[in-house]
Amino acid sequence: MDSHGGHYLNKEAVLSPLGAARMFQLLLGCTTMALVAHSAGYSATYGTFCMFVWCFCFAVTLLVFTLDVTRLHGCMPISWDNFTVAFAMLATLMYVTASVVYPVYFLNSECPAEGCEVRNYRIAVTVCSSVCCFAYGAEVFITRAKPGHIVGYMATMSGLLKVVQAFVACIIFGALANDSEYNRHIPTQYCVVVYSLCFAVTVVVVAITVSGRTSALRFPFDRFVVIYTFLAVLLYLSTAVVWPVFSFDKKYGTPGRPDNCPRGKCPWDSKLVVAVFTHVNLVLYFTDLVYSQRIRFVSQSAA
């Protein structure tokens, strides 16, 4: 056996604070899935979504941890640092969502028909999932851009906000698909076009950055990102005005929630979710624009 074989393993991937955060992610993620599979259970669309979040994040985290320990990430044709921080940000958002959705739909103060033991397991699932949010948030905090350090774009505030913007857009799409009646008016259809366009460009920006190919483009990528962010602010500003008017004004929609609207299948609820998260994304894009003036884009090759 080669006595130098140990050099192929990265001890820092285990002994560093980042390594500790990832091991906690794996431990809590595995525990959460085991509790759900053993007795807590899940059902319907919301339960399937939560289980997907836990399984997806665990699988990718295990892959990241393994590649980091074995140093095999150097063989990946991507910008590793940009990929890991972008995934950590996405996983944080997904875990936060699952940690809210699961107890809302599966946890009650009274014991279910299956017995109080099932309720206790569901409480444990909620606790583990909630704590895991902080484990992923810790990775984002550790790997974020710091003054005086050269890092990839995704580690900057602007890069992290891109992930949040795309995630919020997914929430908007989910509400739109849930009987939002957006096709009743041309202006609300315009809003859907804006949501789709901004989401698509944001995903492309993240994908190009993670691929480490920004330097191969024939145009200044940093300038493109700033100009696009400025246009996105203007577009979202228009939707922040148009969507509420054509959804809640008495001339086009319903100002108040109808009394006979069932929970989970009420168009008014979906319209409200879209309106709220439209304003959330407007604030995110504006914040992104402000921060993009304070950073210098660093093109990072796959390494």
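On a predicted model such as this, the values are computed, not experimentally measured, just so you know. (Residues numbered from 1 in each chain as written. Predicted model: local features only at pLDDT ≥ 70, side-chain atom pairs only at ≥ 80, totals over all residues. Heavy atoms only, no water.)

Quick look at helix α4 (residues 80–106) now. Compared with an ideal rise of 1.5 Å per residue, which puts 27 residues at 39 Å, α4 spans 37 Å between its outermost C-alpha atoms and is within 8% of the ideal. Across the 27 residues of α4, 19 count as buried, placing the element largely inside the fold. (Helix = DSSP H or I, 4+ residues; strand = E, 2+ residues; numbered from the N terminus. Expected span 1.5 Å × (residues − 1). Buried < 20%, exposed > 50% of the residue type's maximum accessible area, 1.4 Å probe, protein only.)

All right, on to the packing of helix α6 (residues 157–177) against helix α7 (residues 186–211) then. Two measures define how a pair of helices packs: the angle their axes make with one another and the distance between the axes. Following both chains from N to C, one finds α6 and α7 inclined at 145°, their axes separated by 9 Å at the closest point. Here the hand of the crossing between α6 and α7 comes out left-handed. Contact with α6, carried on its side by Lys162, Gln165, Ala166, Ala169, Cys170, Ile172, Phe173 and Leu176, involves Val192, Tyr195, Ser196, Phe199, Thr202, Val203, Val205 and Val206 of α7 and no other residues of that element. A per-class count over the contact of α6 with α7 returns twelve nonpolar, three polar and one charged. (Axes fitted to C-alpha atoms, helices over the stretch in contact; angles between N-to-C directions. Left-handed = near helix turned anticlockwise from the far one by under 90°. Contact = heavy atoms within 4.5 Å. Nonpolar A, V, L, I, M, F, W, Y, C, P; charged D, E, K, R; others polar.)

Right, let's get into the nonpolar core. One broad rule of soluble globular proteins: the nonpolar side chains tend to lie buried together. Trp54, Cys57, Tyr95, Met154 and Tyr195 are the most contacted members of the largest nonpolar core, which has 74 residues in total. Listing elements by their share of this core, those giving two or more residues are α2 (17–40), α3 (44–70), α4, α5 (116–143), α6, α7, α8 (221–248) and α9 (267–292). With 14 residues, the single largest contributor to this core is α4. Beyond its immediate stretch of four places on either side in the chain, Met154 contacts Asn82, Val85, Ala86, Gly159, Leu160, Val163, Val206, Thr209 and Val210. (Core = buried A, V, L, I, M, F, W, Y, C linked by side-chain atoms within 4.5 Å.)

The positions UniProt marks with the feature "transmembrane region" (unreviewed entry) are residues 20–40, 46–67, 79–101, 121–138, 150–177, 192–212 and 224–246. Taken end to end, residues 46–67 is 100% helix and 0% strand, and its two terminal C-alpha atoms sit 32 Å from one another. Within the segment residues 192–212, helix and strand shares are 95% and 0% respectively, and the terminal C-alpha atoms sit 31 Å apart. (UniProt positions renumbered as here; feature names shortened; annotations may be inferred.)

This part covers the side chain of Lys162. You can see Lys162 is positioned in helix α6. The buried category is assigned to Lys162, whose relative accessible area is 0%. Apart from residues no more than four positions distant in its own chain, Lys162 is found in contact with Tyr153, Thr202, Val205, Val206, Val225, Tyr228, Thr229 and Asp288.

Taken as a whole and judged by the stated rule, the model has ten aromatic pairs. Among the aromatic residues, those joined into a ring-pair cluster are Phe52, Phe56, Phe87, Tyr95 and Tyr136. (Phe/Tyr/Trp six-rings, centres within 6.5 Å; stacked < 30°, edge-to-face > 60°.)

Attention now goes to the pattern of salt bridges. For side chains of opposite charge, pairing can occur when their charged atoms come near one another. Under the definition given, this model contains three salt bridges. Here Asp68 ties to Arg22 by a salt bridge, and the two come within 2.8 Å at their closest N and O atoms. Taken as a pair, Asp68 in helix α3 and Arg22 in helix α2 lie far apart in primary sequence, 46 residues in all. A relative accessible area of 11% places Asp68 in the buried class. (Salt bridge = Lys/Arg side-chain N within 4 Å of Asp/Glu carboxyl O.)

Taken together, Tyr46, Val96, Val100, Val104 and Tyr105 make up a surface patch of nonpolar side chains, about 420 Å² in accessible area. Sort the elements by how many residues they give to the nonpolar patch and α4 lands first, with four residues. The residue Val96 is located in helix α4 in this model. Judged by its relative accessible area of 40%, Val96 is partly exposed. (Patch = residues over 30% accessible without salt bridge, like charges linked within 9 Å, V, L, I, M, F, W, Y side chains within 5 Å. Areas by Shrake-Rupley, 256 points an atom, 1.4 Å probe, with all protein chains shown as cover.)

With respect to the secondary-structure elements, Ser292 resides in helix α9. Exposure remark for Ser292: the relative accessible area of 10% places this residue in the buried category. Polar side-chain contacts of Ser292 include one of 2.7 Å to the backbone oxygen of Leu289. If sequence neighbours within four positions are ignored, Ser292 has contacts with Ser158 and Val226. (Polar contact = N/O pair within 3.5 Å; in protein donor to acceptor, adjacent residues only side chain to side chain.)

The space that makes up the largest pocket amounts to roughly 1,300 Å³. If you go around the largest pocket, you meet 37 residues; those closest to its centre are Phe49, Thr97, Cys170, Ile171 and Gly174. Looking at the lining of the largest pocket, the elements that each hand over two or more residues are α3, α4, α6, α7 and α9. At ten residues, the largest contribution of residues to the lining of the largest pocket is made by α4. Here the lining of the largest pocket is built from residues that sort into 27 nonpolar, six polar and four charged. (1 Å grid on protein atoms, 1.4 Å probe; cavity = no way out; pocket = protein on both sides within 12 Å on 5 of 7 lines; lining within 4 Å. Points joined across faces, edges and corners; volume = space filled by probe spheres on them.)

Let us look at the confidence of the model for the chain. Chain-level statistics for the chain give a pLDDT mean of 83 and a share of 86% at 70 or above. Here residues 1–5 is a poorly scored stretch, pLDDT under 50, and it has zero contacts once near neighbours within four places are set aside; other chains count. Low pLDDT (under 50) marks residues 297–303, which in the prediction has 28 contacts with non-local residues, meaning those over four places away or in another chain. (pLDDT = per-residue confidence, 0-100.)

Two numbers describe how α4 lies on α5: the axes approach to 8 Å, and their chain directions differ by 160°. Taken together, α4 and α5 sit at an angle that is classed as roughly antiparallel. As for the relative orientation of α4 and α5, their crossing is left-handed in sense. In the contact of α4 with α5, the residues fall into 16 nonpolar, eight polar and two charged. (Parallel < 35°, antiparallel > 145°, perpendicular 65-115°, else oblique.)

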